[in-house]
Amino acid sequence: MARGEHHRIHAHDRQQRNRLRVAQEAARLMSEHGIRDFHHAKLKAAERLGIHDAQALPRNQEIEQALRERQRLFDADSQPQQLKARREAALEAMRFLARFDPRLVGPVLEGTADEHSAVCLHVFSDDPDAVTLFLREHGVPAELQTRRLRLSREEQVDYPVLLFAADNLPFDLTVMPRDALRQAPLDRIEEKPMRRASLAVVEDLLLEGNEAGDEFERMLAAVRR
C-alpha cells in the first residue's frame, strides 16, 4: 500500500473515532446536564475533548443514536419510567387542550425523554392569545417565549411558546396557526418533517408500553421459576 493511501485511511479512521467520541460525549452532556440542543451539545463535547476538526462533528442523528445507547446501558431502570410518566402527562394535557388539536412532538414521542425533558406539544389556533387565555382561565400561569422553526431549508418562522409546570413536570407548547396542521416544521435531527402524534396515537403508545411491560414481567417470572 502506498504511503499516501495508508495516511488517508489512517486519517479517516481517526476522524470516525473522533465522531463517535464526540457523539458519546454529547449524549452524556444531554443526559446528565439536560442540554436539549444538539448543536450546542456537540460543540461543547468537541471542546471538552479537544477536537477541533469540523469533519469530526457527528450528525444529530448520530448523537440521538448514542443517547439511546447510553440510556439502554446506564438508565434502563429509570428512563422507561420517566418516559411513561411524561407520556401519561402528555395524554392528560392533550385531553385538556383538545380544542386546540394538540400534537405530541420531541423526546417524549421519540422515546428518548428523561428526567430533564419537557412534554412538548404543538397546539393550533389562528388566535395565539386564545391559548394563553384558556390556560389563564384554568389557573395555569405560563411564561411566553418565541421559538424559530424551519418549514423548509429556506423558510423559517417565529412562533409563540408557552412554558408552564404541572404535577412537577415541565410543559412546552408551541402555538401555530391551524393551517400548520398540514405542514410540520423540520426536526433538528434528520431535517425532515417533524413527527407529530395525535391523542389517539399517544393512547396507543401507552397501551403498547404497558403490554411490553407486562411481557417483561412474564419473562422475569418464567426465569424465577
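Above: the structure in question.
Worth saying up front: this structure is predicted, and the values here are computed from it rather than measured.

Caption draft 1: Spatial organisation of a negative patch on the surface. Side chains of Asp126, Asp127, Asp129 and Asp179 sit close together on the surface and give a patch of like negative charge. Within the secondary structure layout, Asp179 lies in the loop between strand S5 (169-176) and helix H7 (199-224). When its relative accessible area of 46% is taken as the criterion, Asp179 is described as partly exposed.

Caption draft 2: Representation of the nonpolar core. In terms of nonpolar packing, the biggest core is built from 29 residues, with Leu97, Leu104, Val119, Leu121 and Leu173 touching the most fellow members. Those elements that provide at least two residues to this core are helix H4 (79-96), helix H5 (107-110), strand S2 (119-124), helix H6 (128-137), strand S4 (156-166), S5 and H7. When sequence neighbours within four positions are dropped, the list of residues in contact with Leu121 reads Ala93, Met94, Leu97, Arg103, Leu104, Val105, Asp172, Leu173 and Thr174. Ala26, Ile35, Ala45 and Ala66 belong to the second largest nonpolar core, which has 16 residues in total.

Caption draft 3: Seen up close, the pairing of S5. Counting buried residues along S5, 7 of its 8 residues qualify, which places the element largely inside the surrounding structure. When S2 meets S5, the two strands line up parallel, connected through 6 bridges. Bridge pairing in S5 links Val123 to Val175. Of the pairings in the sheet, the one linking S4 to S5 comprises 6 bridges and is antiparallel in character. Looking at the pairing, Leu162 lines up with Leu173 of S5. The antiparallel hairpin formed by S4 and S5 contains 2 residues in its connecting segment, where Asp167 sits at a positive phi of about 50 degrees.

Caption draft 4: Main features of the pairing of strand S3 (residues 143-150). The pairing of S3 with S4 spans 8 bridges and is classified as antiparallel. When the bridges of S4 are listed, Arg148 appears paired with Asp158. Hairpin connection between S3 and S4: a loop of 5 residues separates the two successive antiparallel strands.

Caption draft 5: Up close: the layout of surface pockets. Here the largest pocket defines a volume of roughly 1100 Å³. Around the largest pocket sit 40 residues that line it, and Phe38, Asp187, Arg188, Ile189 and Met194 are the ones nearest its centre. Elements with a contribution of two residues or more to the lining of the largest pocket: helix H2 (38-49), helix H3 (60-74), H5, S2, S3, S4 and S5. Its residues assigned to classes, the lining of the largest pocket comprises 16 nonpolar, 10 polar and 14 charged.

Caption draft 6: Inspection of the packing of aromatic side chains at higher detail. This model, assessed by the stated rule, comprises 3 aromatic pairs. For the ring pair Phe96 and Phe134, a centre distance of 5.0 Å and an interplane angle of 45 degrees mean the geometry is tilted. Highlighted residues: Phe96 in helix H4 and Phe134 in helix H6, separated in sequence by 38 residues. Residue Phe96 is classed as partly exposed on the basis of its relative accessible area, which comes to 33%.

Caption draft 7: Examining the sheet that holds S4 more closely. If you trace the 5 strands from one edge of the open sheet to the other, you get S1-S2-S5-S4-S3, paired in mixed fashion. What marks the edges here is a single partner per strand, and that holds for strand S1 (103-105) and S3. The mean inter-strand angle of the sheet, taken between neighbouring strand axes irrespective of direction, is 35 degrees. Relative to S4, H6 is tilted by about 5 degrees, and along the sheet it contacts S2, S4 and S5.

Caption draft 8: Here's a closer look at H3. Here H3 spans 21 Å end to end across 15 residues, near enough to the 21 Å set by a 1.5 Å rise per residue. Among all positions of H3, only Asn60, Ile63, Glu64, Ala66, Leu67, Arg70 and Gln71 are buried. For H3, the arc enclosing every buried residue in end-on projection is 160 degrees, short of the 170-degree limit, so these residues lie on one face. Exposed and facing more than 90 degrees away from the buried side of H3 are Gln65, Arg72 and Leu73.

Caption draft 9: Examining the pattern of salt bridges more closely. Applying the stated criterion to the full structure yields 12 salt bridges. Between Glu203 and Arg95 there is a salt bridge whose closest N-O contact spans 3.1 Å. Of this pair, Glu203 sits in helix H7 while Arg95 sits in helix H4, and the two are 108 residues apart along the sequence. Note that Arg178 is salt-bridged to Asp101, the shortest N-O span being 2.4 Å. Placement of the pair is Arg178 in the loop between S5 and H7 and Asp101 in the loop between H4 and S1, with a sequence separation of 77 residues. Taken together, the salt bridges that share partners define one network made up of Glu25, Arg28, Glu32, Arg48 and Arg70.

Conventions we followed
All chains use their own residue numbering, which begins from 1 and follows the written sequence. Whole-chain, interface and lining totals are the exception, using all residues; otherwise, since this is a predicted model, local features are given only for residues with pLDDT of at least 70 and side-chain atom pairs are given and counted only at 80 or more. The basis for every side-chain value is the complete set of heavy atoms in the structure, and neither hydrogens nor water enter the calculation. Patches in this entry comprise residues that are over 30% relatively accessible and not in a salt bridge; like charges within 9 Å are linked, as are nonpolar side chains (Val, Leu, Ile, Met, Phe, Trp, Tyr) within 5 Å. To measure how exposed things are, a 1.4 Å probe is used in the Shrake-Rupley method; for residues, cover is taken only from the protein chains shown. Any Lys or Arg side-chain nitrogen located within 4 Å of an Asp or Glu carboxyl oxygen qualifies as a salt bridge. Positive residues here are Lys and Arg, negative ones are Asp and Glu, while His and the chain termini are left out of the count. In plain terms, the charge of a residue is placed at NZ if it is Lys, CZ if Arg, CG if Asp and CD if Glu. Numbered from the N terminus, helices here are DSSP runs of H or I no shorter than four residues, and strands are runs of E no shorter than two. The cut-offs for exposure are 20% and 50% of the maximum accessible area for each residue type, with area from a 1.4 Å probe on protein chains only; residues under the lower value are buried, those over the upper are exposed, and the others partly exposed. Put simply, a nonpolar core is a bunch of buried Ala, Val, Leu, Ile, Met, Phe, Trp, Tyr and Cys residues held in one set by side-chain atoms that sit within 4.5 Å of each other. Residues are treated as being in contact if the distance between any of their heavy atoms lies within 4.5 Å. The rule for pairing is simple: two strands pair if DSSP sees at least two bridges between them. Lining residues are those with an atom within 4 Å of a point, where the points come from a 1 Å grid over the protein atoms alone and group into cavities, where a 1.4 Å probe fits but cannot get out, or pockets, open sets with protein on both sides within 12 Å along at least five of seven lines. Grid points are joined across faces, edges and corners, and a volume is the space filled by probe spheres set on the points. Each residue is assigned to one of three groups, with Ala, Val, Leu, Ile, Met, Phe, Trp, Tyr, Cys and Pro labelled nonpolar, Asp, Glu, Lys and Arg labelled charged, and all others, Gly among them, labelled polar. By convention, a stacked pair of Phe, Tyr or Trp rings (six-membered ring in the case of Trp) has centres within 6.5 Å and planes under 30 degrees apart, an edge-to-face pair has planes over 60 apart, and any other such pair is tilted. The axes are straight lines fitted to the C-alpha atoms, using for helices just the contacting stretch, and the angles between their N-to-C directions are given from 0 to 180°. By this rule the span expected of a helix is its residue count minus one, scaled by 1.5 Å. Arc definition: directions from the helix axis to the C-beta atoms.

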